[in-house]
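Below are the chains, spelled out letter by letter.
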Amino acid sequence: MSTIAPLIEAWDEAHREFAIALGGLPDEDLWKRAHPRLLSIGELAGHVAYWQAVWTMGGGEDRPALERLPLESPLLDHAFRYYTTNVERPFQLDLGTLQVLAEVGRIHEAAKAAVGDRSKDDPYPGQWGTWGNLVQYQAFHVAYHTGQAYSVRHVLGHETEDN
């Protein structure tokens, strides 16, 4: 049995970096799109949170009934699903940067609890094949959108600590 712990550690590190990328982001810029075809940082955060919850707690379905998930959050909304289906419909919540970061963190902790003590080779009921593949992808997914968040900040004219 192979341990999933190193993958969880990478996933945690991706979340740490995501929080750094949002550090000092003014609330008024959280939901601002720098270009109509570029998602806001709030939309990116919602997308990260949505897919963590769906893929770890949604039974392997790509579009589960969100009310069946074991937690509730304003970030668990189908509006955060995919860029191609949502780019034409900007989405905004009445949450500030710190509130969004807290929700992303809360969902991440619940997602890790849902992964539990599985082995990385345990079968996953959806497209990923194994739980290890899912967690590995989650670390990449968060890191990818962290880079996008930095890009949005730069286009908005922000000075950032990193990137």
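Going by the structure above, here's the rest.
To start, this report covers the structure provided alongside it. Treat the numbers as computed from the prediction; the structure is a model and nothing was measured.

## Focus on the side chain of Asn86
Along the chain, Asn86 falls in helix 4 (residues 83–86). In this structure the side chain of Asn86 is engaged in a polar contact, spanning 3.3 Å, whose partner is the side chain of Thr85.

## A few points about the pattern of salt bridges
As enumerated under the stated definition, the model contains eight salt bridges in all. Glu17 is paired through a salt bridge with Arg16; the nearest N and O atoms lie 3.2 Å apart. In this structure, Arg33 and Glu43 form a salt bridge, with 2.8 Å as the shortest nitrogen-oxygen distance. Of the two residues, Arg33 is situated in the loop between helix 2 (27–30) and helix 3 (41–57) and Glu43 in helix 3; the sequence distance between them amounts to 10 residues. Taken individually, Arg33 and Glu43 each receive the classification buried, so the pair is uniform in this respect.

## Side note on the nonpolar core
Membership of the largest hydrophobic core comes to 45 residues, with the highest contact counts inside it found for Trp11, Leu75 and Val100. Counting only elements with at least two residues in this core, the list comes to helix 1 (5–21), helix 3, helix 5 (97–115) and helix 6 (131–155). Among the elements that take part in this core, helix 3 stands out by supplying 11 residues, more than any other. Beyond its immediate stretch of four places on either side in the chain, Trp11 contacts Gln52, Thr56, His108, Ala111, Lys112, Val115, Val135, Gln138, Ala139 and Val142.

Calculation rules
Residues numbered from 1 in each chain as written. Predicted model: local features only at pLDDT ≥ 70, side-chain atom pairs only at ≥ 80, totals over all residues. Heavy atoms only, no water. Helix = DSSP H or I, 4+ residues; strand = E, 2+ residues; numbered from the N terminus. Polar contact = N/O pair within 3.5 Å; in protein donor to acceptor, adjacent residues only side chain to side chain. Salt bridge = Lys/Arg side-chain N within 4 Å of Asp/Glu carboxyl O. Buried < 20%, exposed > 50% of the residue type's maximum accessible area, 1.4 Å probe, protein only. Core = buried A, V, L, I, M, F, W, Y, C linked by side-chain atoms within 4.5 Å. Contact = heavy atoms within 4.5 Å.

Purely geometric numbers; function is a separate question.
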